[in-house]
Amino acid sequence: MPTLQDRIIIITGSTRGFGYAIAQACLAAGAVVVITGRSQEAIDRALSGLQEPDRTAGFIVDVQDEAQVHHLAELVIQRYGHFDNWINNAGYSSAAGMILDMNPREALEMFMANDLGALHGTQAAMQHFLPRQAGMLVNIYGNGSFLKPATPTALYGTTKAWLTSFTRSLAKENKGSGVQILGFSPGMMTTFWGSVRV
Amino acid sequence: MMTTDMLTSPRVVGEKAQAQLKNFGFVLRFLGQPAEIPARQLVKMMASQHREFVEYRVFKPWSPLFGLLRVAWENLTHTGLRPEFELKFEEAYRPEHVK
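Residues numbered from 1 in each chain as written. Chains lettered and ligands numbered in written order. Predicted model: local features only at pLDDT ≥ 70, side-chain atom pairs only at ≥ 80, totals over all residues. Heavy atoms only, no water.

J.: Just checking my understanding: could you explain the overall build of chain B for this structure?
T.: The helix and strand tally for chain B stands at four helices and six strands. Burial statistics for chain B: of 99 residues in total, 37% are counted as buried. Counting contacts in chain B only where the partners sit at least 6 residues apart, residues at least 24 apart contribute 81% of the total. Only carbon and sulfur atoms are counted for the fraction: they give 57% of the accessible area of chain B, which is about 6,400 Å². (Helix = DSSP H or I, 4+ residues; strand = E, 2+ residues; numbered from the N terminus. Buried < 20%, exposed > 50% of the residue type's maximum accessible area, 1.4 Å probe, protein only. Contact = heavy atoms within 4.5 Å. Areas by Shrake-Rupley, 256 points an atom, 1.4 Å probe, with all protein chains shown as cover.)

J.: What am I meant to see in a nonpolar patch on the surface here?
T.: Residues and elements named next belong to chain B. A surface patch of nonpolar side chains, amounting to about 470 Å² of accessible area, comprises Trp-62, Leu-65, Phe-66 and Leu-69. Among the secondary structure elements, Leu-65 is positioned in helix 4 (residues 63-77). For Leu-65, a relative accessible area of 52% corresponds to the exposed category. (Patch = residues over 30% accessible without salt bridge, like charges linked within 9 Å, V, L, I, M, F, W, Y side chains within 5 Å. Salt bridge = Lys/Arg side-chain N within 4 Å of Asp/Glu carboxyl O.)

J.: Looking at this model, I keep getting lost on empty space enclosed by the protein. Mind explaining?
T.: Gaps between atoms show up when a probe of the same size as a water molecule is rolled over them. Residues and elements named next belong to chain A. One pass over the structure, following the stated rule, counts one cavity of 30 Å³ or more. Quantified by volume, the largest cavity comes out at close to 40 Å³. In terms of residue count, helix 4 (residues 104-132) provides more of the lining of the largest cavity than any other element does, four residues in total. A breakdown of the residues in the lining of the largest cavity according to their chemical character gives four nonpolar, five polar and no charged. (1 Å grid on protein atoms, 1.4 Å probe; cavity = no way out; pocket = protein on both sides within 12 Å on 5 of 7 lines; lining within 4 Å. Points joined across faces, edges and corners; volume = space filled by probe spheres on them. Nonpolar A, V, L, I, M, F, W, Y, C, P; charged D, E, K, R; others polar.)

J.: Help me understand the pairing of strand 3 (residues 56-60) of chain A in this model?
T.: The two faces of the sheet receive side chains in turn, since in a regular strand these alternate between them. Pairing of strand 2 (residues 32-37) of chain A with strand 3 of chain A, which is carried by five bridges, proceeds in the parallel orientation. The residue bridging A:Thr36 from the neighbouring strand is A:Phe59, located in strand 3 of chain A. (Pairing = 2+ DSSP bridges.)

J.: What's the story with helix 3 (residues 66-80) of chain A in this structure? I'm lost.
T.: Because an α-helix packs 3.6 residues into every turn, residues spaced three or four apart end up facing the same way. Residues and elements named next belong to chain A. Taking 1.5 Å per residue as the helical rise, helix 3 with its 15 residues ought to reach 21 Å, and the 22 Å between its terminal C-alpha atoms agrees with that figure. Listing the buried residues of helix 3 in full gives Val-69, His-70, Leu-72, Ala-73 and Val-76. With its buried residues spanning 145° around the axis, helix 3 presents them on a single face. In helix 3, the exposed positions that point more than 90 degrees away from the buried face belong to Ala-67, Gln-78 and Arg-79. Each element contacted by the buried residues of helix 3 is listed here: strand 1 (8-11), strand 2, strand 3, strand 4 (85-88) and helix 4. Two to three positions downstream of the cap, the backbone nitrogen of Ala-67 sits 3.0 Å from a side-chain oxygen, assigning the N-cap of helix 3 to Asp-65. (Expected span 1.5 Å × (residues − 1). Arc of directions from axis to C-beta. Polar contact = N/O pair within 3.5 Å; in protein donor to acceptor, adjacent residues only side chain to side chain.)

J.: How should unusual backbone geometry be read in this particular structure?
T.: Generally, phi is negative for residues other than glycine and the peptide bonds are trans, each holding for most cases. All names here are of chain A. Here the residue pair Thr-151 and Pro-152 is connected by a cis peptide bond, since its omega of 10° sits within 30 degrees of zero. With respect to the element layout, Pro-152 can be found in the loop between strand 6 (136-140) and helix 5 (154-173). One non-glycine residue with positive phi stands out, namely Asp-6, at about 65°. The residue Asp-6 is located in the segment before strand 1 in this model. Looking at Asp-6, the relative accessible area reads 52%, which means it is exposed. Despite not being glycine, Leu-147 has its phi angle at roughly 65°, a positive value. By the secondary structure assignment, Leu-147 is in the loop between strand 6 and helix 5.

J.: Help me understand the nonpolar core in this model?
T.: As a rule of thumb, soluble globular proteins bury nonpolar side chains together. Counting 33 residues, the largest nonpolar core has A:Cys26 and B:Met46 as its most contacted members. Of all the secondary-structure elements, those providing two or more residues to this core are strand 1, helix 1 (17-28), strand 2, helix 2 (40-50), strand 6 and strand 7 (180-185) of chain A together with helix 3 (36-48) of chain B. Examining the composition of this core, we find that eight residues originate from one element, helix 1 of chain A, more than from any other. Leave out the neighbours within four places in its chain, and B:Met46 touches A:Leu4, A:Arg7, A:Ile9, A:Cys26, A:Asn85, A:Ile87, A:Met136, A:Val138 and A:Leu182. (Core = buried A, V, L, I, M, F, W, Y, C linked by side-chain atoms within 4.5 Å.)

Quick look at the structure:
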């Protein structure tokens, strides 16, 4: 098992789904994990499920709100002195539907969470990483990240294509800074509520 | 079983998407995997990666073939999980000012 012993890792949008699975895997590798979600109830449920009260913390953060994201970084630094990894995981797909059938508002809302949220997280993390010449930023890619058609979730795919371009540009702009950047594409994932044996 | 991206609201908008998602359950079975698997891969990357910039894809060109073989094996041995979910269908959006 690879080790992340005592690394402080912030994972946005981690009260369920892939973010929660990352939190579990990081804990198993020895890390200290900071999870975030949009409600105290969701955070409490996730912290309870992780069962590692000494190595976990949870904060309410809406990644669409720049101030909340920077405040998260401050809170983590206050509590632990620093953080080592920041994972921009928060994001969602609002619905499956053809581009011409979708309400434009859904495109805007997904952009706000999937892309603007990642920008906020990136700025908060890099502000901490760059002076230390250390740290790792992770952006979670998705269907559409590599510019293949993402039908029937094209609007979501477009937000992920944006994130890839953003991540590549960020890496170019910060080459030689000592900060590591990882674009990670997890593929199609499932959660096993509501499954029956074949 | 549902894709983690659609946890919030598994909605399907419009007839074309509805038709495309007719076999969604099967697609999920052979292409999808539990979130724990890519999560472990991400941890491995974070622990071992030393390059400044890396892009990593869990989905490989051979993943669909392996997925089909796995589903076939699960069907033969009755060991797989069949997704049970309910997609919510909605009419396609039409702007109010369009007659």
